[in-house]
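# Overview (structure and organization)
If you want the building blocks of each chain, they are given just below.
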Amino acid sequence: METIAPSVLSHWESFYVIVGSSAGALTGLMFVVITLAADSRIQRTPLTINAFGTPNVIHFLAALLLSAILSAPWPNLKDPAHLVGLSAVSGVGYVLVVVRRMRRQTGYKMVLEDWVWHFTLPMVAYVIMFVCAAGLSHDQSWALFGLGGISLLLLFVGIHNAWDTVTYMVAVSREEKGS
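Numbers given for residues are sequential positions, taken from 1 along each chain in its written order. Residues qualify for local features only when their pLDDT is at least 70, as the model is predicted, and side-chain atom pairs are given and counted only at 80 or more; totals for whole chains, interfaces and linings, by contrast, use all residues. The side-chain quantities take in all heavy atoms of the structure and omit both hydrogens and water.

With that settled, consider helix 4 (residues 54-71). Helix and strand definitions follow DSSP, with helices as H or I runs of at least four residues and strands as E runs of at least two, each counted in order from the N terminus. Working rule for helices: expected span equals 1.5 Å times residues minus one. With 18 residues, helix 4 extends 26 Å from end C-alpha to end C-alpha; this agrees with the ideal 26 Å at 1.5 Å per step. Taken together, the buried positions of helix 4 are Pro55, Asn56, His59, Phe60, Ala62, Ala63, Leu66, Ser67, Ile69 and Leu70. Only protein chains enter the calculation, and the probe is 1.4 Å; a residue is then buried if its accessible area is under 20% of its type maximum, exposed if over 50%, and partly exposed in between.

In this analysis, rings of Phe, Tyr and Trp, with Trp reduced to its six-membered ring, are considered paired at centre separations within 6.5 Å, and the interplanar angle assigns stacked below 30 degrees, edge-to-face beyond 60, and tilted for intermediate values. Per the stated rule, a full pass over the model turns up 2 aromatic pairs. On the basis of an interplanar angle of 85° and a centroid distance of 4.9 Å, the ring pair of Phe15 and Tyr16 is categorised as edge-to-face. The class of Phe15 is partly exposed, set by a relative accessible area of 24%. Both rings, one in Phe52 and one in Tyr108, keep their centres 5.5 Å apart while their planes meet at 80°; by these two values the pair is edge-to-face. Here Tyr108 lies in the loop between helix 5 (78-104) and helix 6 (112-137) and Phe52 lies in helix 3 (residues 46-52), a separation of 56 residues in the sequence. On the basis of relative accessible area, Tyr108 is assigned to the partly exposed category, the value being 23%.

A word on the side chain of Asn76. Counting through the fold element by element, Asn76 comes out in the loop between helix 4 and helix 5. As used in this structure description, the phrase polar contact means that two N or O atoms lie within 3.5 Å; if the pair is within protein, one of them must be able to donate a hydrogen and the other to accept it, and residues adjacent in sequence are counted only when both atoms belong to side chains. Separated by 3.0 Å, the side chain of Asn76 and the backbone nitrogen of Lys78 make a polar contact. In terms of polar contacts, Asn76 uses its side chain to reach the backbone amide nitrogen of Asp79, at 3.0 Å.

When you line up the elements, Gln140 lands in the loop between helix 6 and helix 7 (141-178). Judged by its relative accessible area of 36%, Gln140 is partly exposed. Each C-alpha atom, one on Gln140 and one on Leu77, is 9.3 Å from the other, the two residues being 63 residues apart in sequence.

Moving on, we get to the nonpolar core. Core analysis: the largest hydrophobic core is formed by 34 residues, its most contacted members being Leu70, Val84, Met129, Leu136, Leu147, Leu154 and Leu155. Should any heavy atoms of two residues lie within 4.5 Å, those residues are counted as being in contact. Those residues in contact with Val84, other than ones at most four positions away along the chain, are Leu66, Ile69, Met129, Ala133 and Leu147. If you look at the next biggest cluster of nonpolar residues, it comprises 6 residues, including Ala51, Phe52, Tyr94 and Met110. Here, the term nonpolar core denotes a set of buried Ala, Val, Leu, Ile, Met, Phe, Trp, Tyr and Cys residues that are joined through side-chain atoms within 4.5 Å.

Moving on, we come to helix 6. Helix length check: helix 6, at 26 residues, gives a terminal C-alpha distance of 36 Å against a target of 38 Å (1.5 Å per residue), a fit within 8%. One axis fitted to the seven residues ending at a residue, another fitted to the seven starting there: the angle between these axes is the bend at that residue. By the largest-angle criterion, Thr120 marks the main kink of helix 6, which is about 30°, and a proline, Pro122, follows within four residues. Restricting attention to buried positions, one finds in helix 6 the residues Asp114, His118, Pro122, Met123, Ala125, Tyr126, Met129, Cys132, Ala133, Gly135, Leu136 and Ser137. Positive backbone phi, approximately 60°, marks Asp139, located one or two places after helix 6.

To continue, consider the packing of helix 5 against helix 6. Geometry is summarised by axes, namely lines fitted to C-alpha atoms with helices restricted to the contacting stretch, and by angles between N-to-C directions that run from 0 to 180 degrees. In the contact formed by helix 5 and helix 6, the axes pass within 8 Å of each other and the chain directions differ by 160°. Taken together, helix 5 and helix 6 sit at an angle that is classed as roughly antiparallel. Both helix 5 and helix 6 take part in a crossing whose hand is left-handed. Each residue is assigned to one class: nonpolar for Ala, Val, Leu, Ile, Met, Phe, Trp, Tyr, Cys and Pro, charged for Asp, Glu, Lys and Arg, and polar for all the others, Gly among them. Here the residues of the contact of helix 5 with helix 6 are counted per class, giving 21 nonpolar, 5 polar and 2 charged. Throughout this description, any angle smaller than 35 degrees is read as roughly parallel, any larger than 145 degrees as roughly antiparallel, any in the 65 to 115 degree range as roughly perpendicular, and the remainder as oblique. Left-handed is the label given to a crossing in which the near helix is rotated counterclockwise from the far helix by less than a right angle, and right-handed is the label when the rotation is clockwise.

The next point concerns a nonpolar patch on the surface. A grouping of Val127, Val131 and Trp142 is seen on the molecular surface, where their side chains present a nonpolar patch of about 260 Å² in accessible area. By the element assignment, Val131 lies in helix 6. A patch is a set of surface residues, each over 30% in relative accessible area and not in a salt bridge, joined within 9 Å for like charges and within 5 Å for the nonpolar side chains Val, Leu, Ile, Met, Phe, Trp and Tyr. Accessibility throughout is a Shrake-Rupley quantity obtained with a 1.4 Å probe, and a residue counts as covered only by protein chains that appear here. By convention in these notes, a salt bridge is any Lys or Arg side-chain nitrogen within 4 Å of a carboxyl oxygen on Asp or Glu.

With respect to the helices and strands, the residue His118 is situated in helix 6. On the basis of relative accessibility, which here comes to 5%, the residue His118 falls in the buried class. At 3.5 Å, the side chain of His118 forms a polar contact with the side chain of Asn161. If we skip the residues at most four places from it in the chain, His118 touches Ala51, Phe52, Val98, Met102 and Asn161.

Next comes the structure, spelled out in structure tokens:
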């Protein structure tokens, strides 16, 4: 089983090059979003930024890390599975921290969509990532498809949340100008 990893993971190389590149570019784009937020008159606090801005960067970086882990030339699948599992557990812990920050912040009133995109989908992603890591450690090919889906889900969550932040800033800015 020592030679299975290079042959199995090589089939995913292009996928993770695309996902990893996208995650890296979107992480950089979040710096632009935060810069735009700094120039707006919208009330913001470190707690609000940590609840709604920073998690997007973390999800992009998780997709980038997953891409890097699964693109490395591993001799077996157990080693990357352990790193993916550790990343998943860290992700679950981070989502719990984000929930605490979301509940503590007072600059924005949460709606159902926010709970789905900022808590539920990231939590599901990191839990499934852990399950896929367990499957990967037992040479299960379905785990690679699951991890591919999770990397895309993390990108989609980050994109949605960044877009939501920008559109919120534009809407509030327009309301202030109209008042």
